[in-house]
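In case you want the letters, here they are:
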Amino acid sequence: MTDTRTAPPQPPCIAFIGGGNMASALIGGLLGRGHPASQIEVVEPWDSARDALRQRFGIDAQAHAGAPLARAQLVVWAVKPQAFQDAAQATAAQVPQALHLSVAAGIPTASIARWLGSERIVRAMPNTPALVGKGITGLFAARAVDAQGRALVERVIATTGQLVWVDAEEQLDAVTALSGSGPAYVFLFLQAMQQAGQDMGLSAAQAYQLAVATFQGAAELAARSDEGPEVLRQRVTSKGGTTHAAITHMQQQRIPEHFIAAMRAAERRARELAQEFGATP
Ligand SMILES: NC(=O)c1ccc[n+]([C@@H]2O[C@H](COP(=O)([O-])OP(=O)(O)OC[C@H]3O[C@@H](n4cnc5c(N)ncnc54)[C@H](O)[C@@H]3O)[C@@H](O)[C@H]2O)c1
C-alpha cells in the first residue's frame, strides 16, 4: 500500500539581521506561536548578544551574513538606523529573493531598495511592549509587495500584538512619534507619579504599584469603552474635587500643548534620521 499522506508545509525561514531588543521581541513571539527555531536565522556581530540568543531561544546566531541566509523567505532588518547601510551591503548578495521587513526608525524604503537592490520592502514601527505580546506596530508596504507578502509580515508581527497599516510612508514618522517612542512617555509619567506618591508619604513600591495599575486599568477601560477619553476623564472629575484641582493645574501649565509639541519633536527627529542615515547612495 502506498502512503498518500504528505508532510505539512514547512513554516517559512525568517532571517534577522541584528539580534537585539526588537529582534528578540519578534523571535520570542514567533517561538511562542510554534514557529520552529530551526526556521530562524540570525546575524549578530556581538558575542554577548549571540550568547543571549542561544540561552534564551536556543538559536545559534552567525557573526556574519553567510550562505545559510539564502533559505530565508523573509529578512527582518533589526539594526540601528546608523548600522543599516553597512549591514545591507554585507547581506544583500545572500538574500536576492527574500521579502524585506525593516523595523529601523526613519530609514525610507527608497534607501533600503537602493542598498538591497530589491523593491520588496515593508517598513514596520513596533514598540517595546512587543516583548510581552502587547505591542502595537505601524506597517507600510512598498508597491512591489503583494498580498502574500503582506500576509507573511502580518503573521510575524501579530505574534507581538496589534498592527495598523498606513497608506503613506510619511505616516510612519507619526507612528514613530506616537506609539514607537510612546512607551518612554508612559515610563516618564510613571516615574513622576511614583515620585509624587513618595513625596506624599507612600513607599516607592506602593507608589509604583499604584501608578502602574492605574495606567493598566485606565488603558483597558479606554480600550473597552465606546466613549472617548474626554467623557472618561469627566467621569473621574467631580466638580470642585481633587481631579479638577490636578487637571486645572496641568491646563494652566499648558501640559497638553507641551506634550503635543514633544511628540512633534519626535516626528521631526524621525525625518532627520532619514536625512542623516538614509540619504547616502
Ligand atoms: N527599541 C525600541 O523601542 C524600538 C522601537 C521601534 C523600532 N526600533 C528600531 O529597531 C531597530 C533595532 O533597535 P533595538 O532596540 O533592537 O536595538 P539593539 O541595539 O537592541 O539591537 C540592534 C542589534 O544590531 C546588531 N548589529 C549592529 N550592526 C550589525 C550588523 N552590521 N549586522 C547585524 N547586526 C548588527 C547590534 O549588535 C545589536 O545587537 C532600530 O533601528 C530602532 O530604530 C526600536
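Given the structure is predicted, the values throughout are model-derived calculations rather than measurements.

**With respect to the site of the ligand**
So, point 1. Close contacts around the ligand come from 22 residues, with Asn 21, Met 22, Glu 44, Trp 46 and Val 79 the closest.
So, point 2. Taking Glu 44, its side chain carries an N or O atom lying 2.6 Å from an oxygen atom of the ligand.
So, point 3. Within the complex, the protein chains bury 79% of what would otherwise be the 830 Å² of accessible surface of the ligand.
So, point 4. Going through the elements one at a time, α1 (21–32) and α3 (81–91) are the ones with two or more residues in the shell around the ligand.
So, point 5. No other element matches the three residues that α3 contributes to the shell around the ligand.

**Comments concerning the sheet that holds strand β3 (residues 74–77)**
So, point 1. Read from one edge of the open sheet, seven strands run β2-β1-β3-β4-β5-β6-β7, paired in mixed fashion. Among the strands making up the open sheet, the edge pair consists of β2 (40–43) and β7 (161–165). Strand-to-strand, the axes of this sheet are offset by a mean angle of 25°, without reference to chain direction.
So, point 2. Sheet analysis places strand β1 (residues 14–17) next to β2, joined by four bridges and oriented parallel.

**Let's talk about the UniProt feature "domain: Pyrroline-5-carboxylate reductase dimerisation" (unreviewed entry) in the protein**
So, point 1. According to UniProt, the positions carrying the feature "domain: Pyrroline-5-carboxylate reductase dimerisation" (unreviewed entry) are residues 169–273.
So, point 2. Secondary structure within residues 169–273 divides into 83% helix and 0% strand; the distance between the first and last C-alpha atoms comes to 14 Å.

**What about the pairing of β1?**
So, point 1. Residues Ile 14 and Phe 16 point to one face of β1 and Ala 15 and Ile 17 to the other, with burial holding for every one of them.
So, point 2. In this view, the connection linking β1 to its parallel neighbour β2 by way of α1 has right-handed handedness.
So, point 3. The sheet contact formed by β1 and β3 spans four bridges and is parallel. Each residue of the ladder has a partner; that of Ile 14, found in β3, is Leu 74.

**With respect to the UniProt feature "binding site: NADP(+)" (unreviewed entry) in the protein**
So, point 1. In this numbering, the UniProt entry assigns the feature "binding site: NADP(+)" (unreviewed entry) to Ile 17, Gly 18, Gly 19, Gly 20, Asn 21, Met 22, Ala 78, Val 79, Lys 80 and Pro 81. Taken along the chain, the residues just named run across 65 residues; in space they keep tight, none of their C-alpha pairs more than 14.1 Å apart.
So, point 2. When you line up the elements, Ile 17 lands in strand β1.
So, point 3. Residue classification places Ile 17 among the buried residues on the basis of a relative accessible area of 3%.
So, point 4. Discounting residues that sit within four places of it in the chain, Ile 17 has contacts with Val 43, Leu 69, Val 75, Val 76, Trp 77, Ala 78, Val 79, Ala 87 and Thr 91.
So, point 5. With near-sequence residues (within four places) excluded, Pro 81 lies in contact with Ala 104, Ala 105, Ile 107 and Phe 277.

Criteria and cut-off values
In every chain, residue numbers begin from 1 and rise along the written sequence. Residue-level local features of this predicted model are given only where pLDDT is at least 70; pairs of side-chain atoms are given and counted only at 80 or more, and the full residue set underlies all totals for whole chains, interfaces and linings. Hydrogen atoms and water are omitted, and side-chain values are computed over all heavy atoms in the structure. Throughout this document, a residue counts as near a molecule or strand when at least one of its heavy atoms sits within 4 Å of that molecule or strand. Polar contacts, as used here, are pairs of N or O atoms within 3.5 Å; protein pairs need one atom able to donate a hydrogen and one able to accept it. Residues neighboring in sequence count only if both atoms are side-chain atoms. Using a 1.4 Å probe, accessible areas were evaluated by the Shrake-Rupley method; residue-level cover was limited to the displayed protein chains. Where helices and strands are cited, they refer to DSSP runs of H or I of at least four residues and of E of at least two residues respectively, numbered from the N terminus. What makes two strands pair is DSSP finding at least two bridges between them. An axis is simply a line fitted to the C-alpha atoms; with a helix, the fit covers only the stretch in contact. Between two such axes, the angle follows the N-to-C directions and lies from 0 to 180 degrees. UniProt positions are given in the numbering used here, feature names are shortened, and annotations may be inferred rather than shown by experiment. The classification of residues rests on relative accessible area computed with a 1.4 Å probe and restricted to protein chains. Under 20% of the type maximum is buried, over 50% is exposed, and intermediate values are partly exposed. Whether a crossover is right-handed depends on one test, that the path from the first strand over the helix to the second runs clockwise when the strands point away from the viewer. Pairs of residues are marked as contacts when any of their non-hydrogen atoms sit within 4.5 Å.

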